[in-house]
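Below are the chains, spelled out letter by letter.
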Amino acid sequence: MKPRSLIIMLCLVAVVATTHLQALEFRLLSWDGDIRGLRYGSGQKAVDVVAMEGALSPKYTYNRTGPLVLFREVQQEDRTVRVPVATLSPPEGVTRAILLLTATDAAGTAYTARWINDSPEVRREQTITYENLSSHPVAIRLGKDELYIAPGAATTRSTNPDVFRLALKVAAQTQKGWELVIRWSQPVRPRLRTLVILRDGRESPYG
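No experiment lies behind these values; they were computed from the predicted model shown. (Residues numbered from 1 in each chain as written. Predicted model: local features only at pLDDT ≥ 70, side-chain atom pairs only at ≥ 80, totals over all residues. Heavy atoms only, no water.)

Caption draft 1: Structural view of the overall build of the protein. A count of helices and strands for the protein gives zero helices and 16 strands. In the protein, the share of contacts with a sequence separation of at least 24, taken over all contacts with a separation of at least 6, comes to 60%. When the accessible surface of the protein is summed, it comes to about 11,500 Å², and 51% of that surface belongs to carbon and sulfur atoms. (Helix = DSSP H or I, 4+ residues; strand = E, 2+ residues; numbered from the N terminus. Contact = heavy atoms within 4.5 Å. Areas by Shrake-Rupley, 256 points an atom, 1.4 Å probe, with all protein chains shown as cover.)

Caption draft 2: Highlighting the sheet that holds strand β3 (residues 35-42). Here four strands make up an open sheet; going across it, the order is β4-β3-β6-β7 and the pairing antiparallel. Bordering the open sheet on either side are β4 (45-51) and β7 (79-88), each of which pairs with just one other strand. Strand-to-strand twist of the sheet, defined as the mean angle between neighbouring strand axes without regard to direction, takes the value 45°. Taken together, the six bridges between β3 and β4 define a ladder with antiparallel strand orientation. Across the sheet, residue I35 finds its bridge partner in β4, namely A51. (Pairing = 2+ DSSP bridges. Axes fitted to C-alpha atoms, helices over the stretch in contact; angles between N-to-C directions.)

Caption draft 3: Just the packing of aromatic side chains, in detail. One pass over the structure, following the stated rule, counts five aromatic pairs. Judged by centre distance (6.3 Å) and plane angle (75°), the ring pair of Y40 and Y60 falls under edge-to-face. A residue pair is termed long-range when its members are at least 10 positions apart, and Y40 in strand β3 and Y60 in strand β5 (residues 60-62) qualify at 20 residues. Per residue, the accessibility class of Y40 equals that of Y60, and both read buried. Taking 6.2 Å as the distance between ring centres and 70° as the angle between the ring planes, the aromatic pair formed by Y40 and Y62 counts as edge-to-face. Placement of Y40 in strand β3 and of Y62 in strand β5 is noted, with a sequence separation of 22 residues between them. For the pair Y40 and Y62, a shared accessibility class is recorded, and that class is buried. (Phe/Tyr/Trp six-rings, centres within 6.5 Å; stacked < 30°, edge-to-face > 60°. Buried < 20%, exposed > 50% of the residue type's maximum accessible area, 1.4 Å probe, protein only.)

Caption draft 4: Just the pairing of strand β6 (residues 68-76), in detail. With two bridges connecting them, β3 and β6 associate as antiparallel partners. What sits directly across from Y40, in β6, is L70. Two elements, β6 and β7, share nine bridges in a ladder whose sense is antiparallel. Across the sheet, the residue bridging to V74 is V81, located in β7.

Caption draft 5: A look at the sheet that holds strand β14 (residues 165-174). In space, the four strands of this open sheet follow the order β12-β11-β14-β15, with antiparallel pairing throughout. Edge strands, defined here as strands with exactly one partner in the open sheet, are β12 (145-149) and β15 (177-187). Taken over all neighbouring pairs, the strand axes of this sheet differ in orientation by 15° on average, direction set aside. Bridge analysis of strand β11 (residues 138-142) against β14 gives five bridges, and the strand direction is antiparallel. Bridging from a neighbouring strand, I140 pairs with V170 of β14.

Caption draft 6: Quick look at the confidence of the model for the protein. This prediction gives the protein a mean pLDDT of 86; 87% of its residues lie at or above 70. With pLDDT under 50 throughout, residues 14-21 is counted as low confidence; its partners more than four residues away or in other chains account for 15 contacts. (pLDDT = per-residue confidence, 0-100.)

Caption draft 7: Inspection of the pattern of salt bridges at higher detail. Going through the model one piece at a time under the given rule, you end up with 12 salt bridges. Of the charged contacts in the structure, one is a salt bridge between E131 and R114, with a shortest N-O distance of 3.5 Å. Taken together, the residues span a long stretch of sequence, with E131 in strand β10 (residues 127-132) and R114 in strand β9 (residues 111-117) at a distance of 17 residues. Classification of E131 by relative accessible area gives buried; the value is 11%. E125 is the partner of R191 in a salt bridge, and the nearest nitrogen-oxygen pair spans 3.4 Å. (Salt bridge = Lys/Arg side-chain N within 4 Å of Asp/Glu carboxyl O.)

Caption draft 8: Just the side chain of S42, in detail. Relative to the helices and strands, S42 resides in strand β3. Residue S42 is classed as buried on the basis of its relative accessible area, which comes to 17%. Once residues lying within four places of it in the same chain are set aside, the contact partners of S42 are V47, T61 and N63.

Below is the structure:
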């Protein structure tokens with residue numbers, strides 16, 4: 001695996017006020033490329049949403065009971081028809097979440113989602129959370145802290161409020177052994193809640 005074959009998606013999440021207990025507040029993130037043209041129903045209105053690969057979407061609120069249904073609107077003869085592309089049931093007790101959307105086909109006719117609990121009670125301020133969604137075990141050194149995360153696992157660590165940035169190194173265990181894949185400076189500013197998603201990389205058309 002080449003050094004660029006493990007990609008990190010960073011989501012720097014500021015602390016905000018809690019939402020109403022009956023509402024679901026969510027943001028979207030795309031697994032592969034930006035996703036546009038999706039909507040969901042909120043009361044009598046249809047709300048446009050976007051899921052980007054490199055940044056979190058704006059916050060959306062879903063006030064209805066039952067699954068969250070994302071759909072596209074298409075014209076059929078003289079009327080507009082809603083075509084569902086994802087029916088997403090929030091996990092029990094989750095009121096704030098990040099949804100990582102993945103297309104199930106190349107045409108984008110259907111999507112699945114991974115729910116990441118974004119509650120400040122679960123991901124507290126002054127912490128950094130690593131989600132290893134790659135197929136490799138990874139070793140992380142953040143400042144002097146060293147972590148080992150198996151594929152599919154996650155871990156959260158507290159950070160020092162007096163420090164604004166730490167040296168970060170990430171190594172992946174491959175058939176060739178441990179390979180350094182990331183070396184950079186990680187922001188850990190006061191009150192910041194940071195989510196780091198690690199995944200297998202893709203071939204770049206630019207080499």
